Amino acid sequence: MTFKEAVNCYCCLLCKEHLDELDDVKSLYMIYSSAPSPTSLHNLATACVVGDHQHRISSKSKTNAINVIKSRLPSIFLTTFTDYEDLYNTIDHFIGNIPQIGPLTIYDVSLRIGHLFIKPIYPQKILYLNSGAMEGAKKLLGGRKLRHKEDFNVFFSYPEAKAVVGINSLQSLPNNLVEDFFCVMKDYLDLGQRGLIGDRDRTPIYLGM
């Protein structure tokens, strides 16, 4: 399987969970919008804070974050954000000091809330690399040292990225799907010669060749 085929596989099959999570939050937002109540607001705030990535956070920390977001959501929806980074910094200010609430949760909460605006607010300039996404990105680039916030265009201009045949197929995806690709595919992005990607499935074939 080539690298481009791996990206196509992700787009056809594996990105669904990521997109479904965002749409589940949007469904709760529609319920809240049509019938505002303490219960619908609480359900929405819970979905904004808690997703697949948050299973290791203690119940106390999740509850604290949910309560803060619940109190802030009505004003957040009335705020005009310049870009995703502005939204991210706002969410970080609100819940970033809660124990166990780290950069990955800040990113996830910002992404879920950004999805709710009439004109959705998604990351564009910055590629956020946390946890599994960082692991996958490092493997793709042959172990290159990376920051948790990489300029999107600079990342794809690194020599190690340019060496991967078909890298344009990944670069053309929306920023948040690139991040999710690295996380979902991290176990298949094995180091190989020239920073290429090894296919673990029985294989002398290398993705990226």
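On a predicted model such as this, the values are computed, not experimentally measured, just so you know.

Participant: Is there a simple way to think about the nonpolar core in this case?
Facilitator: In a soluble, globular protein the nonpolar side chains are often hidden away together inside. Judged by nonpolar contacts, the single largest core of 35 residues is most densely connected at Leu44, Ile69, Leu73, Ile76, Ile91, Ile95 and Ile113. Those elements giving two or more residues to this core turn out to be α2 (16–34), α3 (38–49), α4 (59–76), α5 (84–95) and α6 (103–114). Discounting residues that sit within four places of it in the chain, isoleucine 91 has contacts with Ile69, Ile76, Gly96, Ile106, Val109, Ser110 and Ile113.

Participant: How do you make sense of helix α11 (residues 175–184) when you look at a structure like this?
Facilitator: Since the α-helix advances by 3.6 residues per turn, residues separated by three or four positions end up pointing in the same direction. By the criterion of burial, α11 is predominantly enclosed, with nine of the 10 residues buried. Along α11, the residues classified as buried are Asn175, Asn176, Leu177, Val178, Glu179, Asp180, Phe181, Phe182 and Cys183.

Participant: Just checking my understanding: could you explain the side chain of asparagine 175 for this structure?
Facilitator: Note on placement: asparagine 175 falls in helix α11. Overall, asparagine 175 belongs to the buried group, its relative accessible area being 5%. For asparagine 175, the residues in contact, after removing those within four places along its chain, are Pro123, Gln124, Lys125, Ile126, Leu127 and Phe152.

Participant: Please clarify how the environment of aspartate 180 should be interpreted in this entry.
Facilitator: Tracing the chain through its elements places aspartate 180 in helix α11. Measuring from C-alpha to C-alpha, the distance between aspartate 180 and glutamate 17 comes to 9.9 Å, with 163 residues separating the pair along the chain. There is a polar contact of 2.7 Å between the side chain of aspartate 180 and the side chain of tyrosine 10.

Participant: Is there a simple way to think about the environment of leucine 19 in this case?
Facilitator: Mapped onto the elements, leucine 19 comes out in helix α2. Sequence separation between leucine 19 and leucine 177 is 158 residues; the distance between their C-alpha atoms is 9.0 Å.

Participant: It is not clear to me how the state of the cysteines should be interpreted in this structure. Could you clarify?
Facilitator: Throughout this description, disulfide means a covalent bond between two cysteine sulfur atoms. One pass over the full model with this rule turns up zero disulfides. Unpaired in this structure, cysteine 15 has its nearest cysteine sulfur neighbour in cysteine 11, at a distance of 5.7 Å. Residue class for cysteine 15 comes out buried when judged on its relative accessible area of 8%.

Participant: When you look at helix α1 (residues 3–14) in this model, what are you seeing that I'm missing?
Facilitator: Those residues of α1 not exposed but buried are Phe3, Ala6, Val7 and Tyr10. All buried residues of α1 lie within an arc of 100 degrees about the axis, which places them on one face of the element. What points out from α1, more than 90 degrees from its buried face, is the exposed set Cys12 and Leu13.

Participant: Is there a simple way to explain the environment of leucine 127 in this structure?
Facilitator: By secondary structure assignment, the location of leucine 127 is in strand β1 (residues 126–128). Classification of leucine 127 as buried rests on a relative accessible area of 0%. For leucine 127 and asparagine 176, which are 49 residues apart along the polypeptide, the C-alpha to C-alpha distance reads 7.8 Å. In this view, leucine 127 contacts His148, Lys149, Glu150, Phe152, Phe155, Asn175, Val178, Glu179 and Phe182; residues no more than four positions away in its chain are not counted.

Participant: What's the story with the packing of aromatic side chains in this structure? I'm lost.
Facilitator: By convention here, two paired aromatic rings are described through the distance between centres and the angle between planes. Summed over the entire model, instances satisfying the criterion amount to 15 aromatic pairs. Measuring from centroid to centroid gives 5.9 Å for phenylalanine 3 and phenylalanine 181, while their planes differ by 80 degrees, and the two rings are edge-to-face. Here the residue phenylalanine 3 occupies a position in helix α1, and phenylalanine 181 occupies one in helix α11, the gap between them amounting to 178 residues. For the pair formed by phenylalanine 3 and phenylalanine 181, the shared burial category is buried. Residues tyrosine 107 and tyrosine 128 carry aromatic rings whose centres are separated by 5.3 Å and whose planes lie at 40 degrees to one another, so their mutual orientation is tilted. Residue tyrosine 107 is located in helix α6, and its partner tyrosine 128 is located in strand β1; the two are separated by 21 residues in the primary sequence. The buried category is assigned to tyrosine 128, whose relative accessible area is 2%. Ring pairs connect the aromatic residues Phe3, Tyr10, Phe152, Phe155, Phe156, Tyr158, Phe181 and Phe182, which therefore count as one cluster. Above the face of the tyrosine 158 ring, arginine 144 is positioned so that its terminal group lies 3.7 Å from the ring centre.

Participant: Help me out: how do you make sense of the side chain of glutamate 179 in this one?
Facilitator: Note on placement: glutamate 179 falls in helix α11. In this structure glutamate 179 is buried but unpaired, with arginine 112 as the nearest side chain of opposite charge at 9.7 Å. Apart from the residues lying within four places of it in its own chain, the contact partners of glutamate 179 are Tyr107, Leu127, Tyr128 and Ala133.

Cut-offs used in this document
- Residues numbered from 1 in each chain as written.
- Predicted model: local features only at pLDDT ≥ 70, side-chain atom pairs only at ≥ 80, totals over all residues.
- Heavy atoms only, no water.
- Core = buried A, V, L, I, M, F, W, Y, C linked by side-chain atoms within 4.5 Å.
- Buried < 20%, exposed > 50% of the residue type's maximum accessible area, 1.4 Å probe, protein only.
- Helix = DSSP H or I, 4+ residues; strand = E, 2+ residues; numbered from the N terminus.
- Contact = heavy atoms within 4.5 Å.
- Polar contact = N/O pair within 3.5 Å; in protein donor to acceptor, adjacent residues only side chain to side chain.
- Disulfide = S-S within 2.5 Å.
- Arc of directions from axis to C-beta.
- Phe/Tyr/Trp six-rings, centres within 6.5 Å; stacked < 30°, edge-to-face > 60°.
- Lys NZ or Arg CZ within 6 Å of the ring centre and 35° of its normal.
- Lys, Arg positive; Asp, Glu negative; His and termini not counted.
- Salt bridge = Lys/Arg side-chain N within 4 Å of Asp/Glu carboxyl O.

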